[in-house]
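Chain residues, written in single-letter form:
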Amino acid sequence: DNNEIEEFRIENLSKLRAMVVQNEKVWICGENPGGNSFVELFVDGKRKTRSPLGKRIYISAMEVSGEDIFLTGRKIDNKNKDEMENYFLVCLTWDEQKENLSEKWKVETESFDLGLDREVGTALLPLNDGSVLVSGNFRRYWKLGPSQDKKLALLPPESSEGFHFDGFLARFDSKGNLLWA
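Residues numbered from 1 in each chain as written. Predicted model: local features only at pLDDT ≥ 70, side-chain atom pairs only at ≥ 80, totals over all residues. Heavy atoms only, no water.

Colleague: How would you summarise the overall build of the chain if you had to cite specific residues and measurements?
Modeller: The number of helices and strands found in the chain is 0 helices and 15 strands. For the chain, buried positions account for 40% of its 181 residues. Once local pairs closer than 6 in sequence are excluded, the contacts in the chain between residues at least 24 apart make up 47%. Summed over its atoms, the accessible surface of the chain is roughly 10500 Å², and 45% of this surface lies on carbon and sulfur atoms. (Helix = DSSP H or I, 4+ residues; strand = E, 2+ residues; numbered from the N terminus. Buried < 20%, exposed > 50% of the residue type's maximum accessible area, 1.4 Å probe, protein only. Contact = heavy atoms within 4.5 Å. Areas by Shrake-Rupley, 256 points an atom, 1.4 Å probe, with all protein chains shown as cover.)

Colleague: Can you explain a nonpolar patch on the surface? Please cite residues and give values.
Modeller: The grouping of Leu16, Met19 and Val21 at the surface amounts to a nonpolar patch, some 310 Å² of accessible area in total. Positionally, Val21 belongs in strand S1 (residues 15–22). Its relative accessible area of 57% is what places Val21 among the exposed residues. (Patch = residues over 30% accessible without salt bridge, like charges linked within 9 Å, V, L, I, M, F, W, Y side chains within 5 Å. Salt bridge = Lys/Arg side-chain N within 4 Å of Asp/Glu carboxyl O.)

Colleague: For the nonpolar core, give the residues involved together with the corresponding values.
Modeller: Trp27, Met62, Ile69 and Leu71 are the most contacted members of the largest nonpolar core, which has 18 residues in total. Counting residues per element, the ones that place at least two in this core are S1, strand S2 (25–31), strand S3 (36–43), strand S5 (57–65), strand S6 (68–75) and strand S7 (83–95). In contact with Ile69, not counting residues within four places along its chain, are Trp27, Met62, Glu63, Val64, Val90, Cys91, Leu92, Thr93, Trp94 and Leu101. Counting residues in each nonpolar core, the second largest holds 14 residues, with Phe70, Tyr87, Leu89 and Ala170 among its members. (Core = buried A, V, L, I, M, F, W, Y, C linked by side-chain atoms within 4.5 Å.)

This is the structure:
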C-alpha cells in the first residue's frame, strides 16, 4: 500500500488572493513576503511562469476566459497623498507558444480633489464575446475611464459626506473600452 502524496508547492507566497482552475492550468494570484503581488501559472503541478504585478496592489478577484486573465482590486499610489486606494482592472493574455504572460489592456480611473478617496473592484464576470463585467464600490465622486478621447462614467456617491460606500457595475469590451456603467 503506497500512500505517497505529491506536494504542490508555491514558493514565496505569503498571501493567496485568488485562484482559478482552467482545464489543466492553475492560475494563482498572491503576494510574496515583501508585499509584491504576482500571477503564477502552474501546469500539471509545475510552475510555468511567474509575472510580477508590483507593490501595494491588492487583488480582489481573478477570472480566466480563453487566453485572457482578468484582475481587479485596489492599488495604493504614493504619488497622491489624498488618495487611499484606487480601483484597477487589467487584462493579461497568455501566449501558449511563447510561454509569455503580457498586459493586453488596463482601465484608467480619475478622482476629484475632494479628500481621501477609495475605489475597489470586487468581482468579475468574463462574457463569451470577450467583454467583462466588473463590480465594486466607491466612496466619493470619481471617473471610471480616462477623460481624454474615450468614453468614461462619472460616478457620484449617494451622499456627499463620503461616509458610506456605493456600488457600481460596469462592462468593458474586449479591448478595455467602457461600454456602460
